[in-house]
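The lines below spell out each chain.
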Amino acid sequence: MKILDYLKDNILYLDGGMGTLLQKQGLKPGELPERWNISHREDIVKIHCDYFDAGSNLVNANTFGANSLKFDDVELEEIIKSAVENAREAIDRSKTQQEKWVSLDIGPTGRMLAPYGDFDFEDAVEVFSKTVRLGAKYGVDCIFIETMNDSYETKAAVLAAKENCDLPVFVSNAYGEDKKLMTGASPLSMVAMLEGMGVDAVGVNCSLGPKALFDVVSEYLESASVPVILKPNAGLPKSVDGETVYDVWPEEFAEDMSVLIKKGVRMAGGCCGTTPEYIKELTDKCKYIKPVKICAKEDTIVSSYTHAVKFGEKPLLIGERINPTGKKLFKEALRRNDIDYILKEGISQQEKGADILDVNVGLPEIDEVSMLKTAVCELQAIIDLPLQIDTSNTDAMEVALRRYNGKAMINSVNGKKESMDKVFPLAKKYGGVIVALTLDEEGIPQKAEDRLKIAKKILEEAKKYGIDKKNIIFDPLALTISADKTAGRETLKAISLIKEELGAHTSLGVSNVSFGLPKREIINSTFFTMALNSGLSAAIMNPYSSDMLKAYYGFLAINGIDDKCLEYIRFTDTLAETTVTAVEGKNVGTTQFKSELQRAIIKGLKEEASQLTKELLKTSEPLSIVNEEIIPALDIVGSGFEKKSVYLPQLLMSAEAAKSAFEKIKETTVSEKAKDKCTFIIATVKGDIHDIGKNIVKLLLENYGFQTIDLGRDVPPEVVLESVKNNHAPIVGLSALMTTTVPAMEETIKLLRKEAPWCKVIVGGAVLTKEYADAIGADKYAKDAMEAVRYAEEINKMEKDI
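Treat the numbers as computed from the prediction; the structure is a model and nothing was measured.

Here's the deal with the packing of helix 14 (residues 368–382) against helix 15 (residues 394–403)
In helix packing, the relevant descriptors are the interaxial angle and the interaxial distance, both defined with respect to the helix axes.
Then, in step 1: Between helix 14 and helix 15, whose axes approach to 8 Å, the crossing angle comes to 25°. It follows that helix 14 is roughly parallel to helix 15 by the angle criterion. Crossing handedness for the pair helix 14 and helix 15: right-handed. Residues Glu368, Val369, Leu372, Lys373, Val376, Cys377 and Gln380 of helix 14 form the contact with helix 15, whose participating residues are Asp395, Ala396, Met397, Val399, Ala400 and Arg403.
Then, in step 2: Residue classes in the contact of helix 14 with helix 15 are distributed as 8 nonpolar, 1 polar and 4 charged.

What follows is the structure in structure tokens.
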């Protein structure tokens, strides 16, 4: 039986942890567990067999870290070949009779993707592709992408799987206590992106125990139209007599899992700390539970790298200003390749309340493919709003959709067969909500009923590509009333017909209705209100227009969409502030910040931060710029990060903007005074090649003025000690992502305690807790980068006081 057929009517049981079991079998600190597929074949086969005998249907081959960043091509192929053979051998040896399959296990690379790191998206796709091709070659039944804490890396892995095999693809992500991925994605945003890309099951693994993941899993069950996966840890780890143990025992684990299986989880197993005993308890506890029927969800959703936006809850505003049509300054910016102009336009629209940003950079004289890709990537680096990819150039559309981090809006397709043949395959591959214009080879129909016919034709064609109605939004096209007095009325009627007869959402470029008329805002705002009353789901509009916003917030308040009129009140407050600002001659949009430089740093505008610093240096001392401008801006962002109102990508881009300001200060003769804090040694411990967390901490420490020495990844304890001694460093930071490398962290701490007792040790990483850090002798457990910086500041102050 094929695994997807089995999933339709059955609960599929997964395996549990591998790393902790290998440690018990003698895996040394820093030793790569994938090599055991060859060197300790019998141990690997036995672990797989024990899981099958405990009731697992699907076992992951021992390939979690098997990629070309760790192994050369020859060794990588031998490892994956052996891993699959070992799992197949376990099936043959297993004594139980349930259905059994083998998956290719794919974990994260440990590298941060650009723009937040130095690893290009396509390079990540190629790394994963090599692994996928080998897994498919040697006969796995499916691809299991797991423990991903970055939505962008997740997308790279999914693309690799989809482009290099035709096997089922399952994806589970690792969420923190804040119910977000490390880079900020919510569960709904991940479901939207992954379902859009055609993944066969989605879910959650690692990080926490089943109880702690209850809310995250519940969100998945509410929003997913495909089977939901749950592979939690056995609670939280701690060190007891030098051994890693977890605080949730098999009976409690099985009880907690049974609750979520009864709610609808369809694929269940364990991650770190779980063993065959846990899976046996799980399968015994749940053997009589009937699977909950998986129902298709009809929500229309777009997403960014942090959050999802759902159509239908309220009318949405799509900012129209990133578009050269009728905008002389924007056209000039595109010709100069002035990306900062585009970024500032995006930020301003976000501040004005736009829910989604339209991105159109089409000019005949520029390379639209390259420019659209750049604009999308740069906008997503500093703005967390979903984007609408707006182009008639399908080459540019594909490049932008491929690089887009989330589920985008696609503007547009129309009823012409040529248009649908080009756009629908892209939407099917990359996911997206398609804006469909109600025109065809005959042009734009005058009557609303004929536009409805085109909408129906588009839906029928979309079905052939497997694209659901929920992923199409119709634009019934606003035509100018100065040329046709019935144009406005027919468009409004078309909005109503599409909503009532098709149950579909609509979007509209509102301002077209007033073309050629004086005082266009009067017509636009009136037409906008009437369109909203007809059921319009979203409007592409100018968010700087106070008349349009007055109509919008008034409509929300009158129709009871704006609870207690809070949004309306906030809007009227901004109107009052804008009036005062205009009277006083101040620059609107910067009054919430102490200075232009602080705003540039907080918003992540690197070029602007650099230029503003250059100008400030003409009138201010370098140290005053650091202490009064840069550090306070970083503190604002850091505080937001700690309060979970700012997420990692925003923190990193602000740090990069601050870094560009520091680069200007370095050019002055007294620049080194800006970096007068103590030395901080930082490293990822022996055997661990994951350096995302380390690099984040390093970037922030440098911006706060610490002399940071980065020893890199896979660093032996002796090398850490040597650097601490040579620099008489008062602080060292150690990072580990995997349970198999935590012993190397403990070994390093023991060596430092013996040979460099003056040195304070900060530790961090996904597998650590405060209790665990205390048990292995660390001075400080930092749950995130900002906490590491705060502790370093304390140590630096103590050093200064001595």
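Examining a nonpolar patch on the surface
Then, in step 1: Together, Leu566, Tyr568 and Ile569 give the surface a local cluster of nonpolar side chains, amounting to about 260 Å² of exposed area.
Then, in step 2: Relative to the helices and strands, isoleucine 569 is located in helix 21 (residues 566–584).

Regarding the pattern of salt bridges
Close approach of charged atoms lets side chains of opposite charge pair.
Then, in step 1: For the structure shown, the criterion picks out 52 salt bridges.
Then, in step 2: Residue aspartate 338 is joined to arginine 336 by a salt bridge in which the shortest nitrogen-to-oxygen separation is 3.1 Å.
Then, in step 3: Each of Glu122, Glu163, Arg402 and Lys429 takes part in salt bridges that share partners, so that together they form one network.

As for helix 8 (residues 187–196)
Then, in step 1: Burial runs high along helix 8: 10 of the 10 residues are buried.
Then, in step 2: Within the span of helix 8, buried status applies to Pro187, Leu188, Ser189, Met190, Val191, Ala192, Met193, Leu194, Glu195 and Gly196.
Then, in step 3: The first or second residue beyond helix 8 is glycine 198, which carries a positive phi of 85°.

Regarding the sheet that holds strand 2 (residues 58–60)
Then, in step 1: Pairing in this open sheet of 8 strands is parallel, and the strands run 1-10-7-6-5-4-3-2 from one edge to the other. Whereas interior strands pair on both sides, the edge strands pair on one side only; in this sheet they are strand 1 (12–13) and strand 2.
Then, in step 2: Bridge analysis of strand 5 (residues 169–173) against strand 6 (residues 201–205) gives 4 bridges, and the strand direction is parallel. Pairing of phenylalanine 170 across the sheet is with alanine 201, part of strand 6.
Then, in step 3: Its contacts with the sheet place helix 7 (residues 151–164) against strand 4 (142–148) and strand 5, and it is angled at close to 170° to strand 4.

What to know about the environment of asparagine 164
Then, in step 1: Note on placement: asparagine 164 falls in helix 7.
Then, in step 2: Counting along the chain gives 33 residues from asparagine 164 to threonine 131, while the straight-line C-alpha distance between them is 9.6 Å.
Then, in step 3: Here asparagine 164 is in contact with Ser129, Val132 and Arg133, once residues within four sequence places are set aside.
Then, in step 4: Polar side-chain contacts of asparagine 164 include one of 2.8 Å to the backbone oxygen of alanine 160.

Topic: the pairing of strand 9 (residues 243–246)
Then, in step 1: A one-sided burial pattern is seen for strand 9, the buried positions being Thr244 and Tyr246 and the unburied ones Glu243 and Val245.
Then, in step 2: Across 4 bridges, the pairing between strand 8 (residues 237–240) and strand 9 is antiparallel. From the neighbouring strand, lysine 238 faces strand 9, where its bridge partner is valine 245.

Thresholds, definitions, all that
- Residues numbered from 1 in each chain as written.
- Predicted model: local features only at pLDDT ≥ 70, side-chain atom pairs only at ≥ 80, totals over all residues.
- Heavy atoms only, no water.
- Axes fitted to C-alpha atoms, helices over the stretch in contact; angles between N-to-C directions.
- Helix = DSSP H or I, 4+ residues; strand = E, 2+ residues; numbered from the N terminus.
- Parallel < 35°, antiparallel > 145°, perpendicular 65-115°, else oblique.
- Left-handed = near helix turned anticlockwise from the far one by under 90°.
- Contact = heavy atoms within 4.5 Å.
- Nonpolar A, V, L, I, M, F, W, Y, C, P; charged D, E, K, R; others polar.
- Patch = residues over 30% accessible without salt bridge, like charges linked within 9 Å, V, L, I, M, F, W, Y side chains within 5 Å.
- Areas by Shrake-Rupley, 256 points an atom, 1.4 Å probe, with all protein chains shown as cover.
- Salt bridge = Lys/Arg side-chain N within 4 Å of Asp/Glu carboxyl O.
- Buried < 20%, exposed > 50% of the residue type's maximum accessible area, 1.4 Å probe, protein only.
- Pairing = 2+ DSSP bridges.
- Polar contact = N/O pair within 3.5 Å; in protein donor to acceptor, adjacent residues only side chain to side chain.

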